[in-house]
Amino acid sequence: MPDRQTPGAPSLRSKGGIPQILILILLFTASLCAAAQTFNGERALEYTRQFVSTGPRWVGSPGHVKAEAFLKKQFAKDNLEEDTFTMNTPAGPQEMHNFIVRFPGKKDGVIVLASHYETNYPLRNIHFVGANDGGSSTGLLIEMANHLRDRTLDGYSVWLVFFDGEEAFKEWSDTDSIYGSRHLAAKWANDGTLKRIKAFIILDMIGDKDLNIQRDSNSTGWLLDLIQRAAAKHGDQSYFFQEQTADMDDHLPFVRRGVPSADIIDLNYGYNNSYWHTAQDTMDKISAKSLSIVGNTMLETIRLLNLR
């Protein structure tokens, strides 16, 4: 029986015979899916703000305890592991805590996105809050979890790692730095976990309003190339790899053990890097736009890695 239509009422069919209501539903569904896959930099910035409000969080400080409690609260309903260990430092033995949040996938393998969360011990007397240095990448990973939880991922599992003890206690050296990543890389090498890791990506100082992420010569070349391809999806390639550096960061213990690894870092923070490791590393220096750029690039990086 043909459709009857009240005179003057809008037609529910398009000229091609497809109901307009179906077209509207499909368009609405597509827009929701696109929104779900778009990284929310404003929300990541708010997470950063809340995290940084715990204050200076050098190892052993009250702020460090508050920062750990904040992370535990964010992931209380997820598969969260607290990795507790003690390291010898120039300030004596120090108990530290890495946090690992696991989101399972259907493919056999793991993609690790990581950040450090503590602040610099030698700067403990200048109210150094590390909004960009440790704060921005932590806020980004907390928001990244909103894209990963409550489902089994179609591709590889994704683990979010929050490292303790990245900063030196006295002066940066092979033995006085990256305590948390050195510990975890050795632990995962011993228990066989490293063999499962398809890519390890450390994010550091990625909130700078004037974003300029350098290409790190200590990172794995093909992984950096893939990340550059990912940035191009949203037209953000100009924010990546216009300059080259050789970075000492939390990826090195994994690089040295043969894990494909990348350091995503902007080491030009303020004029002549003038904000780095100063009391000026505050929330007004970072932006939701920069967090969106890096966040969207990481979402696309995960997608491309799943296709390999």
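Structure shown above.
Residues numbered from 1 in each chain as written. Predicted model: local features only at pLDDT ≥ 70, side-chain atom pairs only at ≥ 80, totals over all residues. Heavy atoms only, no water.

Peer 1: Whenever I open this one, the overall build of the chain confuses me. Can you help?
Peer 2: When helices and strands are counted, the chain shows eight helices and eight strands. Within the chain, buried positions represent 54% of all 308 residues. Look at the contacts in the chain between residues 6 or more apart in sequence, and 76% of them connect residues 24 or more apart. For the chain, the exposed area adds up to about 14,300 Å²; of that, 53% sits on carbon and sulfur atoms. (Helix = DSSP H or I, 4+ residues; strand = E, 2+ residues; numbered from the N terminus. Buried < 20%, exposed > 50% of the residue type's maximum accessible area, 1.4 Å probe, protein only. Contact = heavy atoms within 4.5 Å. Areas by Shrake-Rupley, 256 points an atom, 1.4 Å probe, with all protein chains shown as cover.)

Peer 1: Where do I start with the side chain of Asp236 in this structure?
Peer 2: If you trace the backbone, Asp236 turns up in the loop between α6 (221-233) and β7 (240-245). For Asp236, which is buried and forms no salt bridge, the nearest opposite charge comes from Lys289, at a distance of 7.1 Å. Excluding residues that lie within four positions of it along the chain, Asp236 makes contacts with Ala231 and Ile293. (Lys, Arg positive; Asp, Glu negative; His and termini not counted. Salt bridge = Lys/Arg side-chain N within 4 Å of Asp/Glu carboxyl O.)

Peer 1: How should I be thinking about the nonpolar core in this particular structure?
Peer 2: In a soluble, globular protein the nonpolar side chains are often hidden away together inside. Counting residues in each nonpolar core, the largest one holds 59 residues, and the members touching the most others are Leu160, Phe162 and Ile264. Apart from the residues lying within four places of it in its own chain, the contact partners of Ile264 are Ile201, Ile202, Leu203, Asp204, Ile206, Ile213, Ile227, Phe240, Phe241 and Met298. Listed in part, the 16 residues of the second largest apolar core include Ile100, Val110, Val161 and Trp188. (Core = buried A, V, L, I, M, F, W, Y, C linked by side-chain atoms within 4.5 Å.)

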